[in-house]
Amino acid sequence: MLEHIVGSFMNSYVVFVLLLDYFKRRKMSTIDKILVALSISNIYFACIMCVNLLTSTLWVQIYSNLHIKQIIFVLTMDAIVSSTWLTACLCVFYFMKIKTFSSGLLVWMKMKISTIIPWFLLFSEVISLGCSFLTMLPSVIGQRPLDNTSFVYSVNKTSEASGANYGFMTIAFFSVCVPLLTIIGTTVSTVFSLYLHSRRMEKNMGSSNNVAAHRSVVWMMTHLLFLYIIIYLVMFVWVFLGF
């Protein structure tokens, strides 16, 4: 609970600073739009996780209502998937800004990145909400509710429930697979490109402030990648072990 509360306050401070700057200048940069959306998504995620912890600890009776269980579950999945897609959007932005392209399509995307990103943000939210509702299909089709809609998902051992759990896991996997692969691909490609560029710069004229700034961005992308890998490894191990 303390972790989620602290995270909410930190992300709220980021949103406050960026929006305050926007109201002063009446203009918001593309990267600020991404950071505001990601910070709000993180606040949403922290709030949903607090609700899960409180209800599963202090108000277990609430899960006797199927509709409430499904609402909490959909909101939880939406928060998780939304944060991943928005992080992928952030990595795509830095990837397009840092790398140099020769292909026509990628060059066009690089030039239009400020126009593309707002649509990417909207697409991320729509796809995350859609995937969250799709995770309910296996249980609805099987006419059985999911055993536990809190973040700590419980796996039923009966064959019918196992089929619903397998369907849920399949949809949940593909919901986060695309953005996670996007984060991996853009981060690895950006790291490799920056490494080659840094080597060329050191041979020709030494290091530059531009390379140093790009290096800090790449470190952030790398940290985000490892963070999401750890999160999803823990989540899938937790589910498969049936805790």
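Note that the coordinates shown come from a computational prediction; the quantities given were computed from them, not determined experimentally.

Caption draft 1: Examining the overall build of the protein chain more closely. In terms of helices and strands, the protein chain carries eight helices and zero strands. Listing every helix and strand of the protein chain by position from the N terminus yields α-α-α-α-α-α-α-α. Taken across its 243 residues, the protein chain has 42% of its residues classed as buried. A separation threshold of at least 6 residues defines the contact pool for the protein chain, and within that pool the share at least 24 residues apart is 75%.

Caption draft 2: Structural detail: helix 5 (residues 113–134). Taking 1.5 Å as the rise per residue, helix 5 with 22 residues should run 32 Å; its terminal C-alpha atoms sit 30 Å apart, in good agreement. Considered for burial, the residues of helix 5 that qualify are Ile-113, Ile-117, Phe-120, Leu-121, Ser-124, Ser-128, Cys-131 and Ser-132. Each buried residue of helix 5 lies within a common arc of 115° when the element is viewed along its axis, so the set occupies one face. Turned more than 90 degrees away from the buried face of helix 5 sit Thr-115, Trp-119 and Val-126, all of them exposed.

Caption draft 3: Local environment of unusual backbone geometry. Look at Arg-26: it is not a glycine, yet its phi comes out positive at around 60°. Positionally, Arg-26 belongs in the loop between helix 1 (2–25) and helix 2 (30–58). On the basis of relative accessibility, which here comes to 62%, the residue Arg-26 falls in the exposed class.

Reading the values: rules and limits
The residue numbering used here restarts from 1 in each chain and proceeds along that chain's sequence as written. Two thresholds apply to this predicted model, a pLDDT of at least 70 for residue-level local features and 80 or more for giving and counting side-chain atom pairs, whereas whole-chain, interface and lining totals are computed over all residues. Each side-chain value is derived from all of the structure's non-hydrogen atoms; neither hydrogens nor water enter the calculation. Strands here are runs of E lasting at least two residues and helices are runs of H or I lasting at least four, both read from the DSSP assignment and numbered beginning at the N terminus. In this scheme, a residue with accessible area under 20% of its type's maximum is buried, one over 50% is exposed, and one in between is partly exposed, where area comes from a 1.4 Å probe on protein chains only. Any pair of residues with heavy atoms lying within 4.5 Å of one another is described as a contacting pair. To estimate the expected span of a helix, count its residues, drop one, and scale the result by 1.5 Å. Working note: the arc is built from the helix axis to C-beta atom directions.

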